[in-house]
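This is what each chain is made of:
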There are 2 protein chains.
Amino acid sequence: MDWRMTEDAEVEVNLSPTSETEQQAPHFLRDVIFHGKFKLLKALTPEETSHSQQGLYLQDGQRRIDYVLTYNVKKPGGGRSMRHSTYLLTENAVARSLRRSHHKRDKRARLHQAQKAKAQLSPPSPTVADVELGCAGETLNGHEDHKAFRREEFEAKLRDMGLVLEKDEDGKIPGLGFVKIHAPWNVLCREAEFMKLKMPTKKVYEVKQSSSVVEKISSLVSKALEPLHPHVEEHRPKNIKHLSHTFTREKLHLFDLSDKDSFFDSKTRSSIVFEILKRTTCTAKYSMGITSLLGSGVYTAAYPLHDGNINKESPESSDRKLLYEEWANYGVFYKYQPIGLVRKYFGEKIGLYFAWLGLYTQMLIPASLVGVIVFLYGCATVDDNIPSMEICHPRNNITMCPLCDKVCSYWRLSTACGTARASHLFDNPATVFFSIFMALWAAMFMEQWKRRQMRLNYEWDLTGFEDEEEALKDHPRAEYEFKVMQKSMSKDKKTKHKVEKLTFRDRLPAYMTTVVMMLLMIGVTFAIVFGVILYRISTKAALHMSSNPVTRSHVQLTVKTTAAIINLVVILILDEVYGAVARWLTVLEVPKTDKSFEERLIFKTFILKFFNAFTPIIYIAFFRGRLVGRPGSYWYVFESYRMEECTHGGCLMELCIQLSITMLGKQLIQNNLFEIGVPKLKKLIRYIRSKQGGFQEEERKKKLLRYETDHFLEPFAGLTPEYMEMIIQFGFVTLFVASFPLAPLFALLNNIIEIRLDAKKFVTELRRPVAARAKDIGIWYDILRGVAKVAVIINAFVISFTSDFIPRMVYQYMYSPDGSMHGFVNHTMSYFNVSHFQDGKEPMEPLYLGYPVEICRYKDYREPPWSLTPYEISKEFWTVLAVRLAFVIVFQNVVLLMNDVVDWLIPDIPKDISLQIHKEKILLVELFMKEERVKSHILESRVSAGGPAFCSRSNNNNNYTTAHPRSSLHTNSTKSF
Amino acid sequence: MDWRMTEDAEVEVNLSPTSETEQQAPHFLRDVIFHGKFKLLKALTPEETSHSQQGLYLQDGQRRIDYVLTYNVKKPGGGRSMRHSTYLLTENAVARSLRRSHHKRDKRARLHQAQKAKAQLSPPSPTVADVELGCAGETLNGHEDHKAFRREEFEAKLRDMGLVLEKDEDGKIPGLGFVKIHAPWNVLCREAEFMKLKMPTKKVYEVKQSSSVVEKISSLVSKALEPLHPHVEEHRPKNIKHLSHTFTREKLHLFDLSDKDSFFDSKTRSSIVFEILKRTTCTAKYSMGITSLLGSGVYTAAYPLHDGNINKESPESSDRKLLYEEWANYGVFYKYQPIGLVRKYFGEKIGLYFAWLGLYTQMLIPASLVGVIVFLYGCATVDDNIPSMEICHPRNNITMCPLCDKVCSYWRLSTACGTARASHLFDNPATVFFSIFMALWAAMFMEQWKRRQMRLNYEWDLTGFEDEEEALKDHPRAEYEFKVMQKSMSKDKKTKHKVEKLTFRDRLPAYMTTVVMMLLMIGVTFAIVFGVILYRISTKAALHMSSNPVTRSHVQLTVKTTAAIINLVVILILDEVYGAVARWLTVLEVPKTDKSFEERLIFKTFILKFFNAFTPIIYIAFFRGRLVGRPGSYWYVFESYRMEECTHGGCLMELCIQLSITMLGKQLIQNNLFEIGVPKLKKLIRYIRSKQGGFQEEERKKKLLRYETDHFLEPFAGLTPEYMEMIIQFGFVTLFVASFPLAPLFALLNNIIEIRLDAKKFVTELRRPVAARAKDIGIWYDILRGVAKVAVIINAFVISFTSDFIPRMVYQYMYSPDGSMHGFVNHTMSYFNVSHFQDGKEPMEPLYLGYPVEICRYKDYREPPWSLTPYEISKEFWTVLAVRLAFVIVFQNVVLLMNDVVDWLIPDIPKDISLQIHKEKILLVELFMKEERVKSHILESRVSAGGPAFCSRSNNNNNYTTAHPRSSLHTNSTKSF
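Being a predicted model, the structure only gives us computed values, none of them experimental.

J.: Please explain the overall build of chain A as it appears in this structure.
T.: Broken down by element type, chain A carries 37 helices and 16 strands. Burial status across chain A gives 53% buried among its 977 residues. Considering only residue pairs separated by 6 or more positions, chain A has 80% of its internal contacts joining residues 24 or more positions apart. Of the roughly 44800 Å² of accessible surface on chain A, a fraction of 61% belongs to carbon and sulfur atoms.

Take a look at the structure:
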């Protein structure tokens, strides 16, 4: 329809209402409009049918409202009522003029007429950009007029497509008009055919269990799990499934059309209408789809309706109420989710999200069990652990070098006894096993999800449906179209080339901004981590100087905990900031389609949030305590702050503290405070306000019709934030699991709440989203895979570098005189001659321990002062390093190989599902072959009646041309039976 | 149709011919059969139309032969002519009896009648197993009878499906009968609809280049590349493409049916017939499809026909001749392949193989270029290489420890000068770059292939077609069905359960055999490698003992080369053995479908061949020279053979020799000798034989009809061997590319021949394969990915462990006094005090060099004899090891990350293709919307003629039931225009 653009780029959009709409509405719909108008006039009396009362149906109480568009109307009163009546006049004029012009259906004729009409009637109009974005320079009324005309045109086109529209401007909400859209049966059929919807046919078949033993076991299991299932009766018996086939009007007899009202359910109806809305465009200077119309304020909102109230008092049952009771309810947290119902109500895309979340939570149960066992193993063996025993033993009391310059003094290793014992909880051989387990767990999770997805695809009749097709239907976003229009206008002045799209050069500034901003943001993250390090170093030094012995003894704990909390707060704040920045950057880039927008946004958000969440943790795991130097030549930041050291065996401990605080804090605060608290707070504010308004608001709300109530709900903003939250959590569960085996448990507890929280949000707080078909979770699966892969490498490094696992192994098998761990602590520490301290750096209280110190010890593999090369890195260091690196290589490759094996061993399609699909195909072929046979039977009987024509055709297929009319004949004959 | 099996499992299959076929052939086809018979009787006179002469058409010269089945008939003469006449009688009886029974179409009735007939007529019949496999215990004639009856039944069913059959038993080949199958138009239409074939519609659209600049460049490029394109006129102009749509008889008006003969091309016709053949089953005691019939010898072969002769003299042009001239011809080796034509003639699956091979060869061009440059860089810098200069320098002449016990003596390092210089060619910094390059090259290749595949999918109208569907159509293999039948028979005696499939337990013995055999075969490979090692060690020792100085000086080269040749011969022999073993093991496992068979076979063959090809190479790369021990405590095999050492810097050199000999030898011998030579040899033998037979054979062949000629060609055995060969080659190109930069060049040269060789084979030597649809190359892509992944790891290890790259780096940056490489050679060698030799191991000629030796040197990082821990592994060793391992980790992860980035950066679907697909979709929707509009227009005009019925429907959609007949009315009306 954009031929106008090429032909005459200067045609103005501002056509007078009469001439414009007169051309657009097809003549055979005039009666509909008239009918609607009469209804509209006599409508809105308080007594109506109960259906209409609820606002789910059009005024006749029979036809369901499938979609609602809202727009702003001026409130009656003052000069504005004048405008309103003009508008009504316009509608009448449309109807009248329709009668006049219903034979002129040629587009070009219409255009010429429209141009003439414009020349005659319309005042000098504003520029297109003004119309679109509502810039200043035009009176409000004129501006509103344009919008009304645009609406008229759009609605006429909708009627052209066969939709039934009903307007309501005098509802209980002043200033708001509603266009209620209903799709009649023939439109539904046509669109279902276009969209290649798979619908159940009349043919049913039995879903058989593979063998009797398996059947018995599965029935036993399902009986045992009975209380865990939600009380949602699935309509069809479980063992019977309807054969599905792509809907086509030519094979209507295949489908069960006994109840045409419910053949297409409400989510399908609304998505069909949405499809039409997306396709329909106003042919102004440039085409405007529904997104552009929404973007430019011609309409304010577009949404399908919820199918009922969730109030307990309302007696009618609806899917929504059922979902509210059996799903969006903390009381049923232990139950499975009614995924089938969720899909039925919200569509496949949202159904898949909740199915994924459910599987993830389910899979967390074994992970957290094993995690707890590993933790308990650590607890149980803490007293048998030789290294920590040696540290705690008062006899071999080693004098350690001071932890900071001057103010700190020498200290005894036995004071680190507590930390050493605690770190054993997280740093024992079981941890290695656990991180291998978790890597395999992640692979299993992926595989299980693929299988679950396949099963759902089968159950939801999505097999054979291609995501690509869905993606290709994606229309350009309003912002993109506007940008292209702007570009084409600025180009028009120079050349006459038509601009069709944005090139890389157009987007270059935005890309540059993105790169710079992303680097800046990551820089900010690094800077903040560095800031926290400085805070830790300086505070520690300051607290060490304190004369209060209690303060001094609690220095470590205080500093660690406050630093972790600071980190957490920063992470939470930056999370919000980064979310906003990512969105802003993506808007700048003006992606073409919604899908592209979503992907770019996800990509940016993911990178920023990931850096934000994991930079401090990565610092602690891999850099802290490594960039220290050695006594006598420490490394300094800003020439005065010595880099921080870990206490003996303490880096893993600190990592653990940081991880648990970040994870718990993020979940508690982001989920519970933000997601539960904020809506509660909003409600409270509303309540207080309504009290001030004298209950008017509240009472009025109760009387509102369905479509009016839904207008007050929040619009659905996509699943990205929900997925993102879970992915970051998945990162916490897998990435550093070697150092924190309790992570899966925390995640599990959080998710049990999260499912119901999200469910509540979808059922009660959001407008009903348009159902979207989807076969998989798209980009999220790839991100999950990526996280799981990175997790393997990070865990390899945590085990080999952060924990003392490798040094212990090396000591035990290469250096230990008796093959035991005795002497390990001594082996890991080097000697330092205190006379080698730099001037001014030696401790101020050398006699703090009560005896003079000549040699102090520090944790490193270096040559002793008496060797030929004092303080040089020793052979042991290189040995341990080589073993560490070898462990990384072996761990990474073995685990990745095991992942591949798991991937290969577990078939992507569950056996029973693949059998069922196969069976379905065979049944379908049989069905059609039967049909064929009936056809040929009929043909035959006709032929035998009319003579032996068939034989001659079979033997002498030279006369092909005669076959064609005959075959069309027999398709006709099939139709009629 | 297997309800018979359940109902009465004991019904015998041996029904008398009359009663059996009488029931099966549908009555309305009797005339066809009669017609055919009359033709048959009057046929086979030498004068016929030219079409029929060539044997491409049925006797009427009009109807194309789409498929041929052959079977053995007894030669006329003696008691056998008697049998032959019986057979003819049978056919007559069929026709007669058909007249009698053509009203009884109910299956059950037929069965009962058949059973009665059997009871009356047939003699006591043999067991089913005997019938099937032709065991002894039954006379040949009776056995042949059974086969004939089976054929009758099968062919009757084929006629039932609408196919036209023509028999020819009196052709020029005695003892061979042909069933020529033709698919008439209505059958083609029906099956095309079932198979969801996409066919071109009448609607054409222009394929536009994205912008004018790009267009110009691309036209320039294509003009420059013009001579490289084969002279194959594609029928449609390049910028115009037909919109394709899934074929359906309801929308026949969409398709261009002006020439119905060529609407379905020959490959589509034959694949449609093949589809019907696969679906049709004889209902004996158990159903037998075409595979079972072929397997049990009822038919001997089934193939579609080539479409013409390739003789230069024959004037008619055909696709085959064109392919022969423009593709299967060494003269056009520099040209692109006419992939479109290949696909048109052989179908998508084979087209994809050649497209893949073509892209691989194309991609090898840059790889071999860079490889040659790297090699030349090595050549150019060999004189600047300090380590080899130091080795060759006569002044710092280092005395080395003897290379073998007793017979060898001390030697001077400068004698290794040649090897050192040669090894620099393959061991220089450029090699590291090259192996990174090749890893990226492999990733690029994968991506390019994905894109090429997508482009071909688009051009070949495969978008939207699902591989799954194809896979699901796969029917069980004959062997599987037979096995199930056997099992069910043995079970029948015990229980009454029906056996439907083979369980894991049934296959357990086969699986056990597979595992044991695979391990055994791998063991054999290892044993042979070990044997070659022993050969090398012992021969070297023996040759060292020789008194001839020339022999002694050539020891190294002789031993290396002969060992490599032995290895090569063993690899070549084992390759054939392993291929056979893998096939045998797979047959043992009785996989259900052909696809499963193929996958299992590929898996086994791949593992065995891979081990076979790469075990010796892996040994040389990673183990040789590492398991040596040190002077004074060498390691011994069988207590007398010292493990072999590499010469200085020589392991890489040896690896290189081994690689080049294996690769070149494999390619030259396997390709050229086996693939070219063996067919030539066969031809020669045939020629000699025909000379003996007095040219009879030759002359007769010239007169043969097409279907008779094709019978003498080899059947098509699948693409597995072709792909396998290429994958192993891909392994050589990528796996050890760090040590042999010329591998891509050799591969390129080989592939240029390989393409034409394979093409020749397909065009001239094989029967025409049934065209198979495929969207991708399936499992091979995964295997390629796997090889590319393993290549990254192996290259990392080759660089860090086999080459001296890391030690050089470590020396230069950690130990070198002046940051140069001077002193590197000295640094890598440890000292040995000759007095520490074990008794009896010291050299017999200690004064061989002319001076007494006290300290000799050997290549290792060990403490000198004068240190506190003599001959212990030194700190340098650990340092180098740590750096080596670190390099592996960094290399592996960086390269894998880069691969992922390449994967992510290059979109899988080329931009222009995705735009075209989008455009096609839109055009299709527009087309249908236009149709809709026309429909509604017609409906409207009818309604306005019949009264204002439509309005009432729009406003009052309550009466849905009335809408249905009306909508069927308007679909009818569409049909008729």
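Past the structure itself, the notes keep going.
J.: It is not clear to me how the UniProt feature "transmembrane region" (unreviewed entry) in chain A should be interpreted in this structure. Could you clarify?
T.: All names here are of chain A. In the numbering used here, UniProt assigns the "transmembrane region" (unreviewed entry) feature to residues 353-377, 430-446, 510-537, 557-581, 601-622, 726-749 and 783-806. Taken as a whole, residues 430-446 contains 100% helix and 0% strand, while its terminal C-alpha atoms sit 24 Å from one another. The distance from the first to the last C-alpha atom of residues 510-537 is 40 Å, and the span holds 100% helix and 0% strand.

J.: Looking at this structure, I do not really get the sheet that holds strand β3 (residues 176-182) of chain B. What am I missing?
T.: Two orientations exist for strands paired in a sheet by backbone hydrogen bonds: parallel and antiparallel. Residue and element names in this part refer to chain B. Across the sheet, 4 strands lie side by side as β2-β3-β1-β8; this open sheet has antiparallel pairing. Of all strands in the sheet, those bounded by a partner on one side alone are β2 (164-168) and β8 (301-303). Pairs of neighbouring strands in the sheet enclose a mean axial angle of 20 degrees, with direction left out of account. Where strand β1 (residues 67-72) meets β3, 6 bridges bridge the pair, whose relative direction is antiparallel. Looking at the pairing, Tyr67 lines up with Ile181 of β3. Of the strands in this sheet, β1 and β3 are in contact with helix α12 (residues 266-279), which crosses β1 at around 50 degrees.

J.: Teacher, can you tell me more about helix α16 (residues 348-381) of chain A here?
T.: The periodicity of an α-helix, 3.6 residues per turn, causes residues three or four places apart in sequence to face the same way. Given a rise of 1.5 Å per residue, 34 residues ought to cover 50 Å, and the 49 Å separating the end C-alpha atoms of α16(A) matches this to within 8%. Within α16(A), the axis deviates most sharply at A:Ile365, by approximately 25 degrees, and proline A:Pro366 lies no more than four positions further along.

J.: Can you help me understand the nonpolar core in this one?
T.: Nonpolar side chains tend to gather and get buried jointly when the protein is soluble and globular. Core analysis: the biggest nonpolar cluster contains 227 residues, and A:Trp356, A:Phe736, B:Trp356 and B:Phe736 have the highest contact counts within it. Look past the residues within four positions of A:Trp356 in its chain and what remains in contact with it is A:Phe445, A:Trp449, A:Tyr723, A:Met726, A:Ile777 and A:Leu784.

J.: Just to check I follow, could you spell out the packing of helix α32 (residues 805-815) of chain B against helix α34 (residues 875-905) of chain B for this structure?
T.: A pair of packed helices is characterised by two quantities: the angle between their axes and the separation of those axes. All names here are of chain B. Axis separation between α32 and α34 bottoms out at 10 Å; the angle between their running directions is 120 degrees. The two elements α32 and α34 cross, and the hand of that crossing is right-handed. Every residue of α34 that contacts α32 at Phe805, Ile806, Pro807, Val810, Met814 and Tyr815 is listed here: Glu876, Thr879, Val880, Val883, Arg884 and Phe887. Classifying every residue of the contact of α32 with α34 by side-chain character gives 9 nonpolar, 1 polar and 2 charged.

J.: Help me understand the pattern of salt bridges, please; the structure alone is not making it clear to me.
T.: Two side chains that carry opposite charge are able to pair once their charged atoms sit near each other. In this structure the tally under the stated criterion is 45 salt bridges over all chains. Linked through salt bridges whose partners overlap, the residues forming this network are A:Glu447, A:Lys450, A:Arg785, A:Asp903 and A:Asp908.

J.: What's the story with the state of the cysteines in this structure? I'm lost.
T.: Where two cysteines share a covalent bond between their sulfur atoms, that bond is called a disulfide. All names here are of chain A. Summed over the entire model, instances satisfying the criterion amount to 4 disulfides over all chains. A sulfur-sulfur separation of 1.9 Å characterises the disulfide bridge that pairs Cys392 with Cys417. Disulfide Cys392-Cys417: torsion about the S-S bond near 95 degrees, hence right-handed. Of this pair, Cys392 sits in helix α17 (residues 386-392) while Cys417 sits in helix α18 (residues 417-426), placing them 25 residues apart in sequence. Judged by relative accessible area, which is 22%, Cys392 ranks as partly exposed.

J.: Would you mind showing me how to read the environment of B:Lys859 here?
T.: Residues and elements named next belong to chain B. Secondary-structure assignment places Lys859 in strand β16 (residues 855-859). A residue is classified by how much of its surface remains accessible, and Lys859, at 36% relative accessible area, is partly exposed. Taking the C-alpha atoms as reference points, Lys859 and Met454, 405 residues apart in sequence, are found 54 Å from one another. A polar contact of 3.1 Å, which involves the side chain of Lys859, links it to the side chain of Asp804.

J.: Looking at this structure, I do not really get the packing of aromatic side chains. What am I missing?
T.: Think of a pair of aromatic rings as described by two things: how far the centres are apart, and how the planes are tilted against each other in angle. For the structure shown, the criterion picks out 98 aromatic pairs over all chains. A ring pair is formed by B:Tyr831 and B:Trp866, whose centres lie 5.0 Å apart and whose planes are at 50 degrees; its orientation type is tilted. With a gap of 35 residues between them, B:Tyr831 in strand β15 (residues 829-833) and B:Trp866 in the loop between β16 and α34 connect regions that are remote in the sequence. One cation-aromatic arrangement involves A:Arg857 over A:Tyr831; the distance from NZ or CZ to the ring centre is 3.8 Å.

J.: Could you clarify how one ought to interpret the side chain of A:Thr514 in this entry?
T.: Residues and elements named next belong to chain A. Its location among the elements puts Thr514 in helix α22 (residues 504-545). Judged by its relative accessible area of 9%, Thr514 is buried. Each residue touching Thr514, except ones within four places of it in the same chain, is listed here: Leu585, Glu589 and Lys604.

J.: Looking at this model, I keep getting lost on the sheet that holds strand β3 (residues 176-182) of chain A. Mind explaining?
T.: All names here are of chain A. Spatial ordering of the open sheet is given by β2-β3-β1-β8, a layout of 4 strands whose pairing is antiparallel. The two strands at the open ends of the sheet, each matched to only one other strand, are β2 (164-168) and β8 (301-303). Strand-to-strand twist in this sheet, taken as the mean axis angle between neighbours without regard to direction, amounts to 20 degrees. Strand contacts of helix α12 (residues 266-279): β1 (67-72) and β3, with the helix running at about 50 degrees to β1, the strand carrying the most contacts.

J.: Which parts of the structure should I look at to understand the confidence of the model for chain A?
T.: Detailed reading of the predicted coordinates is not advisable wherever pLDDT falls low. Residues and elements named next belong to chain A. Across chain A, the average pLDDT comes to 75, with 76% of residues at or above 70. Confidence drops under pLDDT 50 across residues 1-52; counting only partners more than four residues distant or on other chains, this segment forms 104 contacts. With pLDDT under 50 throughout, residues 947-977 is counted as low confidence; its partners more than four residues away or in other chains account for 45 contacts. The ipTM for the predicted assembly is 0.78, set against a pTM of 0.79.

J.: Please clarify how the side chain of B:Asn750 should be interpreted in this entry.
T.: Residue and element names in this part refer to chain B. Its place among the elements puts Asn750 in helix α30 (residues 743-765). Note on Asn750: relative accessible area 8%, which makes it buried. Sequence-distant contacts of Asn750, that is, excluding residues within four places in its chain, are made with Gln667, Asn671, Met726 and Gln729.

J.: I'm lost on a nonpolar patch on the surface in this one. Help?
T.: Taken together, the side chains of A:Phe603, B:Leu897, B:Val901, B:Trp904 and B:Leu905 define a hydrophobic patch exposed on the protein surface, amounting to about 550 Å² of accessible area. Tallying contributions element by element places α34(B) first for the nonpolar patch, with 4 residues. Residue placement: B:Leu905 occurs in helix α34.

J.: Is there a simple way to think about unusual backbone geometry in this case?
T.: With the exception of glycine, most residues fall at negative phi, and the peptide bonds are largely trans. One non-glycine residue, A:Val590, adopts positive backbone phi at about 50 degrees. Take A:Val590: it is sitting in the loop between α24 (555-589) and α25 (594-623).

J.: Hey, could you run me through the packing of helix α19 (residues 429-459) of chain B against helix α31 (residues 779-802) of chain B in this one?
T.: All names here are of chain B. Where α19 meets α31, the closest approach of the two axes is 10 Å, and the angle between their N-to-C directions is 170 degrees. Taken together, the axes of α19 and α31 are roughly antiparallel relative to one another. Contacts between α19 and α31 pair Val432, Ser435, Ala439, Ala442, Phe445, Met446, Trp449 and Lys450 from the former with Tyr781, Leu784, Arg785, Ala788, Val792, Asn795 and Ile799 from the latter. Its residues assigned to classes, the contact of α19 with α31 comprises 11 nonpolar, 2 polar and 2 charged.

The rules behind these values
- Residues numbered from 1 in each chain as written.
- Chains lettered and ligands numbered in written order.
- Predicted model: local features only at pLDDT ≥ 70, side-chain atom pairs only at ≥ 80, totals over all residues.
- Heavy atoms only, no water.
- Helix = DSSP H or I, 4+ residues; strand = E, 2+ residues; numbered from the N terminus.
- Buried < 20%, exposed > 50% of the residue type's maximum accessible area, 1.4 Å probe, protein only.
- Contact = heavy atoms within 4.5 Å.
- Areas by Shrake-Rupley, 256 points an atom, 1.4 Å probe, with all protein chains shown as cover.
- UniProt positions renumbered as here; feature names shortened; annotations may be inferred.
- Pairing = 2+ DSSP bridges.
- Axes fitted to C-alpha atoms, helices over the stretch in contact; angles between N-to-C directions.
- Expected span 1.5 Å × (residues − 1).
- Bend = angle between axes of the 7 residues up to and from the residue.
- Core = buried A, V, L, I, M, F, W, Y, C linked by side-chain atoms within 4.5 Å.
- Left-handed = near helix turned anticlockwise from the far one by under 90°.
- Nonpolar A, V, L, I, M, F, W, Y, C, P; charged D, E, K, R; others polar.
- Salt bridge = Lys/Arg side-chain N within 4 Å of Asp/Glu carboxyl O.
- Disulfide = S-S within 2.5 Å.
- Polar contact = N/O pair within 3.5 Å; in protein donor to acceptor, adjacent residues only side chain to side chain.
- Phe/Tyr/Trp six-rings, centres within 6.5 Å; stacked < 30°, edge-to-face > 60°.
- Lys NZ or Arg CZ within 6 Å of the ring centre and 35° of its normal.
- pLDDT = per-residue confidence, 0-100.
- Patch = residues over 30% accessible without salt bridge, like charges linked within 9 Å, V, L, I, M, F, W, Y side chains within 5 Å.
- Parallel < 35°, antiparallel > 145°, perpendicular 65-115°, else oblique.

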